[in-house]
Amino acid sequence: MKFVKRLLWSIVLIVAVIWGFQNRTTLVPKVWAAASYTQAKLSAALSGHLGSKLMGADVSDSSTTNSSQTTKTSQRQTAQATRKSSSTTATNATPVESIVQGVTLSKTYYYFFDSDVPTAGQRVFKDAIAIYNQTGLVHLVAGTAPKNSNSIEFSLYHKKMPQGETSIELGEGGPKIYQLMNWQGTTSHNQAKASLNGDYSMAFSDAVAVHELGHALGLDHSTDVNSVMYPVSQGHSQLTASDIAGLKSIYQ
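Let me sum up the structure you'll find in this document. (Residues numbered from 1 in each chain as written. Predicted model: local features only at pLDDT ≥ 70, side-chain atom pairs only at ≥ 80, totals over all residues. Heavy atoms only, no water.)

1. What about the overall build of the protein chain?
Next up, step 1: What the protein chain contains, in helices and strands, is five helices and six strands.
Next up, step 2: Listing the helices and strands of the protein chain from first to last along the sequence gives α-α-β-α-β-β-β-β-β-α-α.
Next up, step 3: Across the 252 residues of the protein chain, 28% fall into the buried class.
Next up, step 4: Sequence separation of at least 24 residues holds for 71% of the intrachain contacts in the protein chain that already meet a minimum separation of 6.
Next up, step 5: Carbon together with sulfur atoms contributes 58% to the accessible area of the protein chain, which is approximately 16,600 Å² in total. (Helix = DSSP H or I, 4+ residues; strand = E, 2+ residues; numbered from the N terminus. Buried < 20%, exposed > 50% of the residue type's maximum accessible area, 1.4 Å probe, protein only. Contact = heavy atoms within 4.5 Å. Areas by Shrake-Rupley, 256 points an atom, 1.4 Å probe, with all protein chains shown as cover.)

Quick look at the structure:
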C-alpha cells in the first residue's frame, strides 16, 4: 500500500515538473510577480511601523534639541543683557590722585579765600562748591578748619605763557595729605588748594573752577572729553557719572 502511494506521488511530481517546464514562459513571471508583491507589502508594513518609531524619536530629539538651543540662546541673551547692564551700571570712574588712594578722608571740608581772590574768582569757586555739595558725597562749608580737619584754600596766581605756546594754563589745584599716628591708629586729613591763573580772563569760569576744585578733592585727569576733569577745558561744569564714581571711590 505504501509502495502504491509513493508511486502515485512520484508520478504526480513528474507530471507537475513536466507541465511546469512546458509552461515556464508564463508561469515563472506570475510566480515572480506574486513573490515580489508579497515582499513589497511586507517591506512596506515593516518599514511603516519602524519608520514611525524612528520619526517619533527624531521629532522628540529635534524638539529637545531645539528647546535646548532656545534655552541656551536665552541664557546667552540674558548673560549679554546682564553684562551690558552691568557695564552701563559699573561706570568707569574718573581716576583719583595717587596721594589719596587708600586714604580714609572725612567728607567735610572747611574752605576760605585768600585776600587777593577777586569777586569773579570767588563767584566761580562758590558755583563749583555748590556743584560738589549737590552730590552729597562731600560737604564743603565756609570757615576755619579745626585742627586735623580737611581744608581748602582758594587762591589766585599769575603765570604768563611763553610766546608761541599753543596751550594756556588756566588754573592749578591738588590735595595735600597729612597723617597723624597715635595709639588710637592713623587719621588723615587733606589741606588742599585750588587756584586760578589771574593773567587770563578765561580762567574765571565755572568749568575751570570745578576742574581745579576736583583736583583739590582728589580727582585726577580724565580721558573722557565730557568729564570736568579732562585736562583741556571743554566748557563742562556739570559732573558726569564717571566723576561722581571717582568721588565715591574716595569718600564712600
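2. Things to note about the pattern of salt bridges
Next up, step 1: All told, the structure shown has two salt bridges when counted by the stated rule.
Next up, step 2: Between R123 and D127 there is a salt bridge, with its nearest N and O atoms 4.0 Å apart. Here R123 pairs with D127, and both are found in helix α3 (residues 119-133), just four residues apart, close to one helical turn.
Next up, step 3: On the basis of relative accessibility, which here comes to 46%, the residue R123 falls in the partly exposed class.
Next up, step 4: Between E169 and K159 there is a salt bridge, with the nearest N and O atoms lying 3.0 Å from each other. Here E169, found in the loop between β3 (150-157) and β4 (171-174), pairs with K159, found in the loop between β3 and β4; they are ten residues apart in sequence, far enough to count as distant.
Next up, step 5: Residue E169 is classed as partly exposed on the basis of its relative accessible area, which comes to 23%. (Salt bridge = Lys/Arg side-chain N within 4 Å of Asp/Glu carboxyl O.)

3. Overview of helix α4 (residues 206-217)
Next up, step 1: Helix length check: α4 (twelve residues) gives 16 Å between terminal C-alpha atoms against 16 Å at 1.5 Å per residue, within 8%.
Next up, step 2: The element α4 is extensively covered by neighbouring structure, given that eleven of its twelve residues are classed as buried.
Next up, step 3: Considered for burial, the residues of α4 that qualify are A207, V208, A209, V210, H211, E212, L213, G214, H215, A216 and L217.
Next up, step 4: A positive backbone phi angle near 120 degrees is found at G218, which sits one or two residues after α4. (Expected span 1.5 Å × (residues − 1).)

4. Quick word on the environment of T108
Next up, step 1: For T108, the location among the structural elements is in strand β1 (residues 108-113).
Next up, step 2: In this structure the C-alpha to C-alpha distance between T108 and N150, which are 42 residues apart in sequence, comes to 6.6 Å.
Next up, step 3: Other than its neighbours up to four places away in sequence, T108 contacts H139 and N150.

5. Digging into the pairing of β1
Side chains on a regular strand alternate between the two faces of the sheet.
Next up, step 1: Burial along β1 is one-sided: the residues Y109, Y111 and F113 are buried and none of T108, Y110 and F112 is.
Next up, step 2: As paired strands, β1 and strand β2 (residues 139-142) are joined by four bridges and run parallel to one another. Looking at β2, one finds that Y111 is bridged to A142.
Next up, step 3: Handedness of the crossover joining β1 and β2 through α3 is recorded here as right-handed.
Next up, step 4: In this sheet, β3 lies alongside β1 in parallel orientation, the contact comprising five bridges. Bridging from a neighbouring strand, Y110 pairs with S151 of β3. (Pairing = 2+ DSSP bridges. Right-handed = clockwise from strand over helix to strand, strands pointing away.)

6. Looking at the packing of aromatic side chains
Next up, step 1: Enumeration according to the criterion identifies five aromatic pairs in this entry.
Next up, step 2: With 6.1 Å between their ring centres and 75 degrees between their planes, Y109 and Y251 make a pair best called edge-to-face. In this pair, Y109 sits in strand β1 while Y251 sits in helix α5 (residues 241-251), placing the two residues 142 residues apart along the sequence.
Next up, step 3: What makes Y251 buried here is its relative accessible area of 10%.
Next up, step 4: For the pair F125 and F154, a centre-to-centre distance of 4.4 Å together with 35 degrees between the ring planes defines the contact as tilted. With F125 in helix α3 and F154 in strand β3, the pair connects residues that are 29 residues apart, well separated along the chain. Judged on exposure class, the residue F125 and its partner F154 are both buried.
Next up, step 5: These aromatic residues form a ring-pair network of at least three members: Y111, F113, F125 and F154.
Next up, step 6: Note that K160 overlies the ring of Y200, its terminal NZ or CZ placed 5.2 Å from the centroid. (Phe/Tyr/Trp six-rings, centres within 6.5 Å; stacked < 30°, edge-to-face > 60°. Lys NZ or Arg CZ within 6 Å of the ring centre and 35° of its normal.)

7. Things to note about unusual backbone geometry
Next up, step 1: One non-glycine residue, N148, lies in the positive phi region at around 60 degrees.
Next up, step 2: Here N148 is to be found in the loop between β2 and β3.

8. Examining the nonpolar core
Next up, step 1: Within the largest apolar cluster, 41 residues are counted, with the highest numbers of intra-cluster contacts made by Y132, L140, I152, F154, L213 and L217.
Next up, step 2: The set of elements that each furnish at least two residues to this core consists of β1, α3, β3, β6 (185-197), α4 and α5.
Next up, step 3: L213 has contacts with A128, I129, Y132, L140, I152, F154 and A194, leaving out every residue within four places of it along the chain. (Core = buried A, V, L, I, M, F, W, Y, C linked by side-chain atoms within 4.5 Å.)

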